[in-house]
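Examining the three-dimensional arrangement
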Amino acid sequence: MTDARALYQAVIVDHDRHPRNAGPLATATHHGAADNPLCGDQVTVHVELTADGVLAAITFEARGCALARAAASIMTERVRGLDAAAGRALAARFAEFVRADAAPSNAADLGDLTAFVGVRQFKSRQACATLPFAALVAALP
């Protein structure tokens, strides 16, 4: 295993075992959910949007595999402070990243989300990694 691959695995394992921003959000103004009926994974995202559309706070609740839970955890850290349009754009870039044969030119701004590079080899796992973003997009106006 390469050092980079080991690092990516460590990031995913850490976020799965110690998720950030997990649980309900009392101040949420928007909610979105997504599920994968093929495997049973479910993710719900709770978002507090400011009057000008900035994601002031975000949490998630997830039932499913380690990839879905880790992706949700990393996503919440990455999108906080973005406006809704930037959140949707990040969701699209991440989906492109995990489905591409090679790293897209815009992958640098994904941060820890690049840890999911390995799911490119497994189409069924791509759905797990992108599920939290589907919930996010469903939550955004």
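Predicted model only: the values in this text are computed from it and were never measured. (Residues numbered from 1 in each chain as written. Predicted model: local features only at pLDDT ≥ 70, side-chain atom pairs only at ≥ 80, totals over all residues. Heavy atoms only, no water.)

So, unusual backbone geometry
Unusually for a residue other than glycine, Asn21 sits at a positive phi of about 60°. Among the structural elements, Asn21 can be located in the loop between helix 1 (3-17) and strand 1 (30-36). (Helix = DSSP H or I, 4+ residues; strand = E, 2+ residues; numbered from the N terminus.)

Considerations on the packing of aromatic side chains
In total, this model carries two aromatic pairs according to the counting rule given. Residues Phe94 and Phe116 carry aromatic rings whose centres are separated by 5.8 Å and whose planes lie at 85° to one another, so their mutual orientation is edge-to-face. Placement of the pair is Phe94 in helix 3 (residues 84-99) and Phe116 in the loop between helix 3 and helix 4 (123-139), with a sequence separation of 22 residues. Phe94 sits in the buried class, given a relative accessible area of 0%. When its relative accessible area of 0% is taken as the criterion, Phe116 is described as buried. Three or more aromatic residues joined by ring pairs form one cluster here, namely Phe94, Phe116 and Phe133. (Phe/Tyr/Trp six-rings, centres within 6.5 Å; stacked < 30°, edge-to-face > 60°. Buried < 20%, exposed > 50% of the residue type's maximum accessible area, 1.4 Å probe, protein only.)

Some remarks on the confidence of the model for the chain
Residues with a pLDDT of 70 or more make up 91% of the chain, whose mean pLDDT is 91. Model confidence for the chain, summarised as mean pLDDT per element, is weakest for helix 1 at 77 and strongest for strand 3 (residues 55-63) at 98. (pLDDT = per-residue confidence, 0-100.)

Digging into the pattern of salt bridges
Scanning all chains against the criterion turns up four salt bridges. The shortest N-O distance in the salt bridge between Asp14 and Arg20 comes to 2.6 Å. Linking Glu77 and Arg20 is a salt bridge whose minimum nitrogen-to-oxygen distance equals 3.9 Å. Here Glu77 is found in helix 2 (residues 66-79), whereas its partner Arg20 is found in the loop between helix 1 and strand 1, with 57 residues between them in sequence. You can call Arg20 partly exposed: its relative accessible area is 24%. Residues joined in a network through salt bridges with shared partners are Asp14, Arg20 and Glu77. (Salt bridge = Lys/Arg side-chain N within 4 Å of Asp/Glu carboxyl O.)

Quick notes on the pairing of strand 1
Examined bridge by bridge, strand 1 and strand 2 (residues 41-49) share seven bridges and lie antiparallel to one another. Note on strand 2: the bridge partner recorded for Asn36 is Asp41. Between strand 1 and strand 2, which pair antiparallel one after the other, the connecting turn spans four residues, and Gly40 there sits at a positive phi close to 90°. (Pairing = 2+ DSSP bridges.)

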